[in-house]
Structures are given as structure tokens and as C-alpha cells.
Amino acid sequence: MNTLIRAVRPWGQALSDVTIVADATGGKIIRVEPHDAARTVAAGVTVVEGRGRLLVPSFSDVHVHLDSTRIGLPFREHTGGPGVWTMMMNDRQNWRNAEVPLQDRVNGTLGRMIARGTTRVRSYAQVDVDCHLERFEAVAAAKEQFKDRADVEIIAFPQAGLLREKGTVELMEEALEAGANVMGGIDPCSLDRDPAKHLDIVFGLAEKYQVPIDIHLHEPGELGVFSTDLVLERTRALGMQGKVTMSHAYQLGSVNEATTRRLIDEFAELDVSMATVAPSISGQLPLPMLAEAGVRMGLGEDGQRDYWSPYGNTDMLDRTWQLAFTHGFRKDELIEHCLAIATIGGASVLDPGATRLKGTAHRPGIEAGDPAELLLLDGETVASAVMDRGKDRTVIHRGKVVADGLELV
């Protein structure tokens, strides 16, 4: 079935009519033509009125914790302490006591994400000796519930480390056997304090179940670089190019200029991708340098008003603004690049075979043959849309409208 999106501005350019098709392959763009107000619409073609809005690729949230959300619940005073272990223990003490069941929280949050323009998601699901597979199963059920509105990948995530608590590795393997899409790791040095053994397990299970890897790295400065070098070493030795993502990795650019350049070059060589949540932290690897090197980069909302942090609201357009703001970007090109990271950039993290960004000026995703994963958005320009973060949105997944006006359809 064909759909005509009439009178839209792809990436803020000239007014156009865009024809998309929903089919067994998932939906794609088949034509992008100059807008013609007198264009005849064939029988059976669905029309979506663009009304001069922007047309951009839909969001790809590549770093979100659906299993810890408190979106939609009463605002709660933050009680977490410093450090990953302390924050995790605070979460353990509270996550079962929320006002509504876990499944309702996960479903409600994913639904709100889709309504605001996110159709591709990579979510963590905590697996440990406290929750076993309960949190994984809640995310898996939400994935099934919304399978016609968004594509969801699940990371089996050892939030408490792999080595500190007996039985964790076995539970992680259970999650992979149950269908987890990605093998997670976390702070090999500072949390588990045995980086070689930690990474042996991560890469070993990834190889056994033929899944990619996502390493959650909070470690600072030289320690973070040390852990990253171990990851790069294994990626090269095991032929895992294109299958490893470094998430957070806040301070890999804080050591010195030579180390920054070396890491970016190795990320590009080994096709290691990065996922950021736009933290207000100095010492990050520079976005323009990553883009020019061809490193795949995506954006995510992280936890959302959970027991770790009061931030997050399911809106990736807000997080795009935050990415531009925390990097001090003022030029339109760089603000637009942040939106490109949040959309096409993230899609390439999820699928290394997808279209990749080529520098900060590249605006792909709305040409014949591209996936029909699209967002209509109000705004004078792309940069102004990021600044204003309007609510007049229409969300398209696999060629079909799945949300309009911040409500699912």
C-alpha cells in the first residue's frame, strides 16, 4: 500500500511530495518529487498532509533503560548515592515498590517514546541475582506489544558486574538463550576489578550466541582508555569489527590530544561504534572528529526519571537539544548534525549495514530506497526545530503512520 506525504520539507529543503510503500520488506521511500498542489492522487493511496512541516528520519534511541523507568509516575525524591554500585543498590531497594507494576511502566514508557518520534530502540535489561530475568522479560514483552510500531533490540545487561555475585554469568547466558539481542558489559576495571576475565566472558558469550556487544563504560580518564584498549584488542583479535559499541565512554578524550586521535582512528579502523546520552561532562571525544573519521555514533535517553536520575522524558528531540547544548554548538550545521546523530547515526549503530553519516554536513535518510522510518515535525529550519522542540509531529514506521500529535494511532 502506497502513502503520499504531501507538502513536506525533507531536512528543511524545498517543499516536496514523498511517496512511501509499506510491504513485506518493512516499508521504504519510493519517490521524492517537487511539491505539486495539483498532483492527482491515485485510488487507494493514503495521503498524509505535511502542511509544510519538516521531514526527517525518525529517532533511534540506542541507549535507554526501559526496565528502570518511572515515567508517568509521581515525581520521586532522588535518593541515590555516588558511584555505580551505590546507585545500583538504591535501585534494588526501590524498583519493586513503584506505584504500578513493572510491565505497565515499561509499556507506558515505550509507547510515549514512539509517540514522540522514536521507532528504533536499543534497551538495556538488567540481569542479576536480585531480579534474575524479570526485568528482561518485561522489556521483551513490551517489544512484542509494540512490534508493529517500533523495532526494539534488548541488551542483556550485567548492571552489577559479572564477577561480584555468584550466578550472574549463568543468568546472562539464560537471557541470551531467551532471545537477548546484544551482550552487555560494564566497567571492567572499576566494577569487576578483573578486566581480562570480565571481557573474556563478554566476548566469549557474544561469540557463542553470535550477538554484538555493548560496553557500558563510566571509567574516567586513563582508566577508561585502558579498558577501551582491551576492548579494541579483543575486537581485532576475534574479528568482531562492526559488532562492538562503547556506551557513555565519557572521558576518552580527556587524556591528551595524541590519545584522542589514536582512539578515534582505531574506532574507525575496527568499526567500533559509540552511544552517548549527551552528558554535561568535559573530556568527551569530539563529535566533529568522530564524524569526519566515519565512526558510527548514536544518541539515547539513558534512564528516565528512575532511581538513578530524575532526568529524561521519552523525547529524543529534547535529548538532541541537550547534545547540541552540552557540546556548545551554535552553528546550524552542527545543531543539525546532532539531529542526524539522533536519527540516522543511531540507525547505523543498530545496523552496521545501514546508511552512515559522512561528516557533519551529511543529511541522508530521505531518498528513494531509504527506509520509511520518518518523522514530520514543525519548525522553520532543522536547527530551529531542535531549539523549539514543537509538538506537531507525525510518526511513520515501516511505511505506516503509528503516532500523530504525540498520541499513538
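Further up the page is the structure itself.
This write-up is about the structure you can find in this document. Please read all numbers here as calculations on a predicted model, not as lab measurements.

Cut-offs applied
Residues numbered from 1 in each chain as written. Predicted model: local features only at pLDDT ≥ 70, side-chain atom pairs only at ≥ 80, totals over all residues. Heavy atoms only, no water. Axes fitted to C-alpha atoms, helices over the stretch in contact; angles between N-to-C directions. Helix = DSSP H or I, 4+ residues; strand = E, 2+ residues; numbered from the N terminus. Parallel < 35°, antiparallel > 145°, perpendicular 65-115°, else oblique. Left-handed = near helix turned anticlockwise from the far one by under 90°. Contact = heavy atoms within 4.5 Å. Nonpolar A, V, L, I, M, F, W, Y, C, P; charged D, E, K, R; others polar. Buried < 20%, exposed > 50% of the residue type's maximum accessible area, 1.4 Å probe, protein only. Salt bridge = Lys/Arg side-chain N within 4 Å of Asp/Glu carboxyl O. 1 Å grid on protein atoms, 1.4 Å probe; cavity = no way out; pocket = protein on both sides within 12 Å on 5 of 7 lines; lining within 4 Å. Points joined across faces, edges and corners; volume = space filled by probe spheres on them. Pairing = 2+ DSSP bridges. Core = buried A, V, L, I, M, F, W, Y, C linked by side-chain atoms within 4.5 Å.

1. Some details on the packing of helix α5 (residues 195-209) against helix α6 (residues 221-237)
The geometry of a pair of packed helices is captured by two quantities: the angle between their axes and the separation between those axes.
Alright, step 1. Between α5 and α6, whose axes approach to 11 Å, the crossing angle comes to 40 degrees. Looking at the two axes, α5 sits oblique to α6. For the pair α5 and α6, the sense of crossing is right-handed. Of α6, the residues touching α5 (which contributes Pro-195, Ala-196, Leu-199, Asp-200 and Phe-203) are Phe-226, Ser-227, Leu-230, Val-231, Arg-234 and Thr-235.
Alright, step 2. Along the lines of polarity and charge, the residues of the contact of α5 with α6 split into 7 nonpolar, 2 polar and 2 charged.

2. Overview of the environment of Leu-230
Alright, step 1. Relative to the assigned elements, Leu-230 resides in helix α6.
Alright, step 2. On the basis of relative accessible area, Leu-230 is assigned to the buried category, the value being 15%.
Alright, step 3. In this view, Leu-230 contacts Pro-195 and Leu-199; residues no more than four positions away in its chain are not counted.

3. Quick look at the pattern of salt bridges
Alright, step 1. For the coordinates displayed, the defined rule picks out 30 salt bridges.
Alright, step 2. Note that Arg-39 is salt-bridged to Glu-33, the shortest N-O span being 3.3 Å.
Alright, step 3. A relative accessible area of 24% means that Glu-33 is categorised as partly exposed.
Alright, step 4. A salt bridge links Asp-271 to Arg-296; the shortest N-O distance between them is 2.9 Å. Placement of Asp-271 in the loop between α7 (257-270) and β12 (273-276) and of Arg-296 in the loop between α8 (287-293) and β13 (297-299) is noted, with a sequence separation of 25 residues between them. Of the two residues, Asp-271 and Arg-296, neither departs from the other in class, the shared state being buried.

4. Some remarks on the layout of surface pockets
A probe as big as a water molecule, rolled over the atoms, marks out the empty space that is left.
Alright, step 1. The space that makes up the largest pocket amounts to roughly 570 Å³.
Alright, step 2. Forming the walls of the largest pocket are 29 residues, and the residues nearest its centre are His-248, Tyr-250, Asp-302, Trp-308 and Ser-309.
Alright, step 3. Mapped by element, the contributors of at least two residues to the lining of the largest pocket are α1 (84-94) and α9 (316-326).
Alright, step 4. Broken down by class, the residue content of the lining of the largest pocket amounts to 11 nonpolar, 12 polar and 6 charged.

5. Details of unusual backbone geometry
Alright, step 1. Positive phi outside glycine occurs at Thr-314, with the angle close to 75 degrees.
Alright, step 2. Position of Thr-314 among the secondary structure elements: in the loop between β13 and α9.
Alright, step 3. Phi at Leu-406 is positive, roughly 70 degrees, even though this residue is not glycine.
Alright, step 4. The topology assignment puts Leu-406 in the loop between β16 (400-404) and β17 (407-408).

6. Topic: the side chain of Ser-273
Alright, step 1. Considering the arrangement of structural elements, one finds Ser-273 in strand β12.
Alright, step 2. If we ignore the near neighbours within four places in the chain, the residues touching Ser-273 are Val-244, Thr-245, Met-246, Arg-296 and Val-349.

7. A few points about the pairing of strand β6 (residues 59-64)
Alright, step 1. The element β6 is largely enclosed, with a buried count of 6 among its 6 residues.
Alright, step 2. With 4 bridges joining them, β6 and strand β7 (residues 118-126) adopt parallel strand pairing. Looking across to β7, one finds that Val-64 is bridged to Ser-123.

8. Observations concerning the nonpolar core
Alright, step 1. Counting 104 residues, the largest nonpolar core has Ile-5, Met-183, Ile-213 and Phe-267 as the members making the most contacts within it.
Alright, step 2. Top element by residues in this core is helix α10 (residues 332-350). It accounts for 8 residues.
Alright, step 3. Residues Met-87, Tyr-124, Val-182 and Ile-186 belong to the second largest nonpolar core, which totals 11 residues.

Purely geometric numbers; function is a separate question.
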